[in-house]
Amino acid sequence: METTSRAARASAAEGGQHGPSAWRTVDGYLRAPFPWYGLDEAFTGRRWLMQVGTAADGTVEHGAIGHGDEPSVRNEHVAGDDQDAKEKFAVVVTVAANPDRRSADGTGLLEATSVSSAAWLAGVGLLSFTWPGQMDHTLRDDWLEQQTETAWSLADDLDAAEWSTLSLPVDGVPATFHYRESAYGWVLAGSAGKSVHLGAYGRGMSAYGLAFSVVKDIAAHA
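Model, not experiment: these values are computed from the prediction.

Calculation rules
- Residues numbered from 1 in each chain as written.
- Predicted model: local features only at pLDDT ≥ 70, side-chain atom pairs only at ≥ 80, totals over all residues.
- Heavy atoms only, no water.
- Buried < 20%, exposed > 50% of the residue type's maximum accessible area, 1.4 Å probe, protein only.
- Helix = DSSP H or I, 4+ residues; strand = E, 2+ residues; numbered from the N terminus.
- Pairing = 2+ DSSP bridges.
- Phe/Tyr/Trp six-rings, centres within 6.5 Å; stacked < 30°, edge-to-face > 60°.
- Core = buried A, V, L, I, M, F, W, Y, C linked by side-chain atoms within 4.5 Å.
- Contact = heavy atoms within 4.5 Å.
- Salt bridge = Lys/Arg side-chain N within 4 Å of Asp/Glu carboxyl O.
- Axes fitted to C-alpha atoms, helices over the stretch in contact; angles between N-to-C directions.
- Parallel < 35°, antiparallel > 145°, perpendicular 65-115°, else oblique.
- Left-handed = near helix turned anticlockwise from the far one by under 90°.

In this structure, what is going on with the pairing of strand β9 (residues 185-192)? I would like to understand it.
It is a general feature of regular strands that their side chains alternate between the two faces of the sheet. Burial analysis of β9 places seven of its eight residues in the buried class, which makes it a mostly covered element. Sheet topology places strand β8 (residues 173-182) next to β9; five bridges connect them, and they run antiparallel. If you follow H178 over to β9, its bridge partner there is A189. Connecting the antiparallel pair β9 and strand β10 (residues 196-203) is a turn made up of three residues, with G193 showing a positive phi of about 70°.

Where do I start with the packing of aromatic side chains in this structure?
When we look at a pair of aromatic rings, we describe it by the centre distance and by the angle of the planes. Using the criterion set out here, one finds six aromatic pairs in the structure. Aromatic side chains Y29 and W36 sit 4.8 Å apart centroid to centroid with 55° between the ring planes, which places their arrangement in the tilted category. Since its relative accessible area comes to 2%, Y29 is described here as buried. Considering the side-chain rings of F89 and Y201, the 6.4 Å spacing of their centres and the 80° angle between planes classify their relative orientation as edge-to-face. One end of the pair, F89, is in strand β4 (residues 89-96); the other, Y201, is in strand β10, with 112 residues separating them in the sequence. Across the pair, Y201 and F89 agree in class, each one buried.

Which parts of the structure should I look at to understand the nonpolar core?
Core analysis: the largest hydrophobic core is formed by 61 residues, its most contacted members being W36, L188, Y201 and F212. Take this core: its biggest share by element is nine residues, from helix α3 (residues 115-127). For Y201, the residues in contact, after removing those within four places along its chain, are M50, F89, A90, V91, V93, A122, G125, L126, F129, W186 and V187.

Before we go on, may I ask you to explain the pattern of salt bridges in this structure?
A side chain with one charge may pair with a side chain of the opposite charge, provided their charged atoms come close. Under the counting rule described, the total for this entry stands at two salt bridges. A salt bridge links R46 to E70; the shortest N-O distance between them is 2.6 Å. Pair noted here: R46 is in the loop between β1 (37-39) and β2 (47-54) and E70 is in the loop between β3 (60-68) and β4, with a separation of 24 residues, a long-range link. With relative accessibility at 17%, the residue E70 sits in the buried group.

Just checking my understanding: could you explain the pairing of β3 for this structure?
Taking burial as the measure, the nine residues of β3 include nine buried ones, the bulk of the element. Where β2 hands over to β3, the hairpin turn is made up of five residues, of which G58 adopts a positive phi near 90°. Note: β3 against β4, seven bridges, orientation antiparallel. Residue pairing in the sheet places H67 in a bridge with A90 of β4.

Just checking my understanding: could you explain the packing of α3 against helix α4 (residues 140-155) for this structure?
Viewed as axis vectors pointing N to C, α3 and α4 meet at an angle of 155°, and their least axial separation amounts to 9 Å. Between α3 and α4, the crossing angle belongs to the class labelled roughly antiparallel. Where α3 crosses over α4, the two elements pack in a sense that is right-handed. Judged by residue contacts, S116, A119, W120, V124 and L127 of α3 engage R140, W143, L144, Q147, T148, A151, W152 and A155 from α4.

Below you can see the structure in the form of structure tokens.
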């Protein structure tokens, strides 16, 4: 999961520095060799593209689709019931299910992706839009680095006590997801058949009633 780790660190940094103006470019999504997932048709709110992550050779490996309000780095909601959240959103992360494979230059192997990869990307995604209200701006980088390492450790052990399980529909078929909550929102991760793993994170929207399905027209969300 080390390759995914580096990509996720970059995504987290970008998420903290750039807003929606950096999103909604559909080109990378159209180049992906795997299907994209989002919330199913029961969700009737707004949908929007975020960013894709690529390997060194330019192959698209993962990306995210947002649902609901577009999140910003915030400190208004630190803890409490989801109803207190001013932004209500859920982001679905699709990760290509890749086995061990040769690197682009042929000199080594890239580590396989897994449900842990999806959990890691979802955890870092949530952190990129989180900022504890009691924290000084100059300390946020240190906090983010510390919390990112924690998210990495949690994603690497999905059987730990911090995770519970949920059964949620994927293309209409029940699937098992690993789920955890924090003061800043929730994170979940599972698989959608053999081609992709799914991660998701959100705030203000309950994870318990979600359902996922293949996005039929990704360009419609650009």
